[in-house]
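What follows is each chain in one-letter form.
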Amino acid sequence: VCIIDVDDENQNQNQNQNQNQNQNQNQNQNQNQNQNQNQNQNQNQNQNQNQNQNQNQNQNQNQNQNQNQNQNQNQNQNQNQNEPDEWRKDGLPYDDQCVFGERADEFIPDELWSFAVDDTIPYPVYEGTGTVDGFPVEGNEMNQVMMTPVVIDLDNDGDNIPDVVFTSFATNENDTNFDLLLTGVLRAIRGDDATHKWSVGYEELSEFMGISESDWSPSLGFMPAGSIAAGDITNSGTSEVVAPLWDFGTGPEGFAAVDNNGDILWVSDDVEPDEIAFWWGGPSIADLNGDGSPQVVVGPVVYDNEGNKEWDGRDSDELEESDLVTGSNFSPTQSVRIGPLSVVADINGDGNQEVVTGRAAFSHDGELWWESTELDPEGNELHEGYPGVADFSDDGAAEVVVVSAGTVRIQDGDSGALLWGPVDIPDAGRLGPPTIADMTGDESPEIGVAGSDGYFVLEVDPSTFYTAADLSTEDIHLYEDVLVWEEKTQDESSNTTGSSVFDFNGDGTASVIYNDERYLRVFDGPTGDVIFKAENPSFTALENPVIADVNNDGAANIIVPTSDFECGVEIEECDKGQAGVQAFGDADDNWVTTRRVWNQHAYSINHIEEDGSIPANPTPNYTDHNTFRLNVLTEVEPQAAPDLFPDEPDNIVDGCYVAVEVWVNNAGAIQVGAGLPVSLYAESNGDQVLLATEETELGLAPGEAELITFQEEIEESGTWDLVVVVDDDGTGEGTRNECNEENNRLVLEEGLVCQ
């Protein structure tokens, strides 16, 4: 019998106990070495990284791992001294109807991790010199995050751990007035522990763009607060990130695509698509024509998957007001265009996807489908705005919600005709992008939107929709008639922040997740009551918290950006010292499961698969889940749970010495993440002595099992029973809610005599 110790601190160090192991199989590595010279001859030893034995990347390609981190990025390597088929099993029986039952009403978020930029990773500070608006900029921290992070498994390397990608930036640190945002760095971190993976900034961009090294400028980078999108646009099996570029000295520089390793693939063929100011807006990814080659959509402009412009909807001769079609929230003077967030959906039911900007819609090939040229009941134009798509009339057809200059309206998806509103939200500023879901539990969708001083949920009664015959002021929808609830918030800076929704306990009603200038809040969907509130400052742009299973443990997480550069200046009642990205889980494991992806600001579930692939002909969201900016695992029961138990033990007992091998199985309906605790106890006459606690190396999907090994010595004389307990952290407490909590315990030996 081969006895091995897989204690976290001693794994991969028992070479003498496994003489039959082949060193060339990368099985007996020392954690402090972190390099396998037989398998990674092309890697630079000074990088001291274990990224992936097939990447073989040079430091000049910006691997950007800290030499002291010694992280093992590929969890399928070096996990155990046994071959994978000796310590992992799959294809075992499981119950896809395994459910936990009704979750507790208590809502107790707990911080999973917090990421902050420091000097162990690239671009910790701005490297430019001089002053901006009279304030020195050299050495200012590149740590502020004021955009919507995306969550996606960039590598698809088998560990199923998604990554979090975002842009961080520096400001001129004006201590008397508004800061000016300098430029940004695109960064990727692991979703389970926030380990830095790569950063891309002015050096990589300059080199790719062919700029002479003597002319490299730190002012070149990514749009500081711009939105980004991610997905497998090249059909490579891994995902890419598309992000807007920005040079503080000259302005927009187009878009760049960056692959899963942080290498630049392309920069778009035009600097700025015909003067669309995408300051806070950004791209969406979709396969418009269903040919298997995804496109990148920015407002009314479409690029192919190599960054070449395919079409600009404003070139249509049929448009009456082409200069007003931007996909951005309308500004009466057009002097402030805060960026497009157009939406892609099959709004007319023809099987093809259209591009919706708010004021106009375009077919998959760029032809104008409709333009909002009519007037509202009070004689006002229908301006551009932020769109969302849902079915409010329950007839299988799409309606388009448009948030524009402090108002909310609904238009017919096929014709663009005005159906509802515009509802004027009083004294709320510009308003942010809409969120659509059933927030009250009445099986009909509501609209959620954030303003300068409040969050508002509006109900929609389709029986009050306009027809061409009754479009009059007598039938206009008033704010007080459609308001479900309003809660006080604070967003005087942008008053355009977004929000997201999620049904955390699976009871059929969605809660609202929103971050303003000071707090991350979670509102109860039906009532608007604040069920969670935590300090999380932001000077705000278009950003919103996102919901995803960021660590692949089978439960939802909240991921939220943080920026503190205006604390104590423009935002008086907050303190500096909190900037970056945070992730939260539930302290009692009461949150239901969800997907491991949220790939763009204009997120809709059916537009992307969990592996990052882009569906050619996705099911329209309004015919399926009928939500927008909500996440859910649609193919699994909301209350689905794991079922974890020990099996097939193999024990060796020699006096007080015990060696145990036991399989940890998941026979439930959803996965659990890596690090599941398993404890070994000695019990006698009601006394219990903890011998050791081990953790699983990888996650366990339904039907998977992993071998856990103990080598321990009982230190007290007596007659003992040897017991192993799965999902036990050594204190008798579990970490996961299961459909069967009665099978975690297994008696391995009875009457063991230790003297």
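This text follows the structure it describes.
Residues numbered from 1 in each chain as written. Predicted model: local features only at pLDDT ≥ 70, side-chain atom pairs only at ≥ 80, totals over all residues. Heavy atoms only, no water.

1. Focus on the overall build of the protein
Here comes step 1: A tally of helices and strands in the protein yields 3 helices and 43 strands.
Here comes step 2: Each of the 755 residues in the protein was classed as buried or not, and the buried ones make up 62%.
Here comes step 3: Partitioning the intrachain contacts of the protein with sequence separation of at least 6 by distance along the chain shows that 64% fall at a separation of at least 24. (Helix = DSSP H or I, 4+ residues; strand = E, 2+ residues; numbered from the N terminus. Buried < 20%, exposed > 50% of the residue type's maximum accessible area, 1.4 Å probe, protein only. Contact = heavy atoms within 4.5 Å.)

2. A short note on the state of the cysteines
Here comes step 1: Tallied over the entire structure, the rule returns 3 disulfides.
Here comes step 2: Sulfur-sulfur distance for the disulfide between Cys-567 and Cys-574 comes to 2.1 Å. On the sign convention where negative means left-handed, the S-S torsion of about -110° between Cys-567 and Cys-574 marks this disulfide as left-handed. Each member of the pair, Cys-567 as well as Cys-574, is classed as buried.
Here comes step 3: The disulfide bridge from Cys-656 ends at Cys-754, spanning 1.9 Å between sulfur atoms. A torsion of 100° about the S-S bond marks the disulfide between Cys-656 and Cys-754 as right-handed. Of the two residues, Cys-656 is situated in the loop between β37 (644-654) and β38 (657-666) and Cys-754 in strand β43 (residues 745-754); the sequence distance between them amounts to 98 residues. The pair formed by Cys-656 and Cys-754 is uniform in burial state, with each residue classed as buried. (Disulfide = S-S within 2.5 Å.)

3. Remarks on the pattern of salt bridges
Here comes step 1: This model, assessed by the stated rule, comprises 16 salt bridges.
Here comes step 2: Between Lys-89 and Glu-648 there is a salt bridge, with its nearest N and O atoms 2.9 Å apart. A residue pair is termed long-range when its members are at least 10 positions apart, and Lys-89 in strand β1 (residues 88-89) and Glu-648 in strand β37 qualify at 559 residues.
Here comes step 3: Lys-89 gets classed as partly exposed once you look at its relative accessible area, which sits at 25%.
Here comes step 4: With its nearest N and O atoms 4.0 Å apart, the salt bridge here joins Arg-596 to Asp-153. Of the two residues, Arg-596 is situated in the loop between β36 (580-586) and β37 and Asp-153 in the loop between β5 (150-152) and β6 (163-171); the sequence distance between them amounts to 443 residues. (Salt bridge = Lys/Arg side-chain N within 4 Å of Asp/Glu carboxyl O.)

4. Re the environment of Phe-362
Here comes step 1: Positionally, Phe-362 belongs in strand β20 (residues 360-362).
Here comes step 2: Between the C-alpha atom of Phe-362 and that of Val-344, which follows or precedes it by 18 residues, the distance is 9.6 Å.
Here comes step 3: Residues in contact with Phe-362, not counting those within four places in the same chain, are Pro-300, Trp-311, Gly-313, Arg-314, Leu-319, Val-325, Glu-354, Val-355, Thr-357, Glu-367, Leu-368 and Trp-369.

5. A few points about the packing of aromatic side chains
What characterises a pair of aromatic rings is the spacing of the ring centres plus the angle enclosed by the ring planes.
Here comes step 1: What the rule picks out here adds up to 20 aromatic pairs.
Here comes step 2: On the basis of an interplanar angle of 65° and a centroid distance of 5.7 Å, the ring pair of Phe-115 and Phe-166 is categorised as edge-to-face. Taken together, the positions of Phe-115 in strand β2 (residues 109-115) and Phe-166 in strand β6 put the pair 51 residues apart, joining distant regions of the chain.
Here comes step 3: Linked through ring pairs, Phe-107, Phe-502, Phe-504, Phe-532, Phe-584 and Trp-591 together constitute an aromatic cluster.
Here comes step 4: If you follow Lys-89 out to its NZ or CZ, it ends over the ring of Trp-663, 4.3 Å from the centre. (Phe/Tyr/Trp six-rings, centres within 6.5 Å; stacked < 30°, edge-to-face > 60°. Lys NZ or Arg CZ within 6 Å of the ring centre and 35° of its normal.)

6. Things to note about the environment of Thr-407
Here comes step 1: By secondary structure assignment, the location of Thr-407 is in strand β24 (residues 407-412).
Here comes step 2: Here the alpha-carbon distance between Thr-407 and Val-449, two residues 42 residues apart in the chain, equals 10.0 Å.
Here comes step 3: Ignoring any residue separated from it by four or fewer positions in sequence, one finds Thr-407 in contact with Val-402, Pro-422, Val-423, Asp-424 and Leu-431.
Here comes step 4: A distance of 2.7 Å separates a polar atom in the side chain of Thr-407 from the backbone oxygen of Ser-404. (Polar contact = N/O pair within 3.5 Å; in protein donor to acceptor, adjacent residues only side chain to side chain.)

7. Things to note about the sheet that holds strand β27 (residues 446-450)
Here comes step 1: The strand order across the open sheet formed by 4 strands is β26-β27-β28-β29, and the pairing between neighbours is antiparallel. In this open sheet, the two edge strands, each paired with only one partner strand, are β26 (435-437) and β29 (483-488). The sheet shows a mean angle of 15° between the axes of neighbouring strands, direction not considered.
Here comes step 2: As judged from the 3 bridges shared by β26 and β27, these two strands associate in the antiparallel manner. Directly across from Thr-435, in β27, lies its bridge partner Gly-448. (Pairing = 2+ DSSP bridges. Axes fitted to C-alpha atoms, helices over the stretch in contact; angles between N-to-C directions.)

8. As for the sheet that holds strand β25 (residues 418-424)
Here comes step 1: Taking strand neighbours across the sheet as the criterion, the 4 strands line up as β22-β23-β24-β25 in an open arrangement whose pairing is antiparallel. Of all the strands in the sheet, the pair left with one neighbour each is β22 (386-390) and β25. The mean inter-strand angle of the sheet, taken between neighbouring strand axes irrespective of direction, is 15°.
Here comes step 2: With 4 bridges connecting them, β24 and β25 associate as antiparallel partners. Bridged to Thr-407 within β25 is Asp-424.

9. Re unusual backbone geometry
Here comes step 1: Cis geometry is found at the peptide bond from Gly-421 to Pro-422, where omega equals 0°.
Here comes step 2: Along the chain, the position of Pro-422 falls in strand β25.
Here comes step 3: One non-glycine residue, Asn-160, adopts positive backbone phi at about 60°.
Here comes step 4: Positioned with a positive phi, Asp-394 is a non-glycine residue whose angle comes to about 55°.
Here comes step 5: Following the sequence through the fold, Asp-394 ends up in the loop between β22 and β23 (399-404).
Here comes step 6: According to the relative accessible area criterion, Asp-394 is exposed, its value standing at 70%.

10. Concerning the side chain of Thr-435
Here comes step 1: By secondary structure assignment, the location of Thr-435 is in strand β26.
Here comes step 2: What makes Thr-435 buried here is its relative accessible area of 0%.
Here comes step 3: The contact partners of Thr-435, leaving out residues within four places of it in the chain, are Glu-446, Ile-447, Gly-448, Tyr-455, Ser-499, Ser-500, Val-501, Phe-628 and Arg-629.

11. Comments concerning the pairing of β22
Here comes step 1: Burial analysis of β22 places 5 of its 5 residues in the buried class, which makes it a mostly covered element.
Here comes step 2: Of the two faces of β22, the one carrying Tyr-386, Gly-388 and Ala-390 and the one carrying Pro-387 and Val-389 are both buried.
Here comes step 3: As paired elements, β22 and β23 share 5 bridges and run antiparallel to each other. Residue pairing for β23: Tyr-386 is matched across the bridge by Val-403.

12. Notes on the pairing of strand β8 (residues 196-200)
Here comes step 1: Burial runs high along β8: 5 of the 5 residues are buried.
Here comes step 2: As paired strands, strand β7 (residues 181-190) and β8 are joined by 4 bridges and run antiparallel to one another. Note that in β8 the partner of Ile-189 across the bridge is His-196.
Here comes step 3: Counted between consecutive antiparallel strands, the loop separating β7 from β8 contains 5 residues, among which Ala-194 sits at a positive phi close to 65°.

13. Things to note about the nonpolar core
Here comes step 1: Judged by nonpolar contacts, the single largest core of 89 residues is most densely connected at Trp-113, Val-165, Leu-186, Phe-222, Phe-504, Ile-558 and Ile-559.
Here comes step 2: The dominant element in this core, judged by the number of residues it contributes, is β7, at 5 residues.
Here comes step 3: In contact with Trp-113, other than residues within four places in its own chain, are Val-164, Ile-189, Arg-190, Gly-191, Asp-192, Asp-193, Ala-194, Val-550, Val-581, Gln-582 and Ala-583.
Here comes step 4: Counting residues in hydrophobic clusters, the runner-up holds 34 residues, among them Ala-345, Phe-392, Leu-419 and Trp-420. (Core = buried A, V, L, I, M, F, W, Y, C linked by side-chain atoms within 4.5 Å.)

Function cannot be read off these values alone, since they describe shape.
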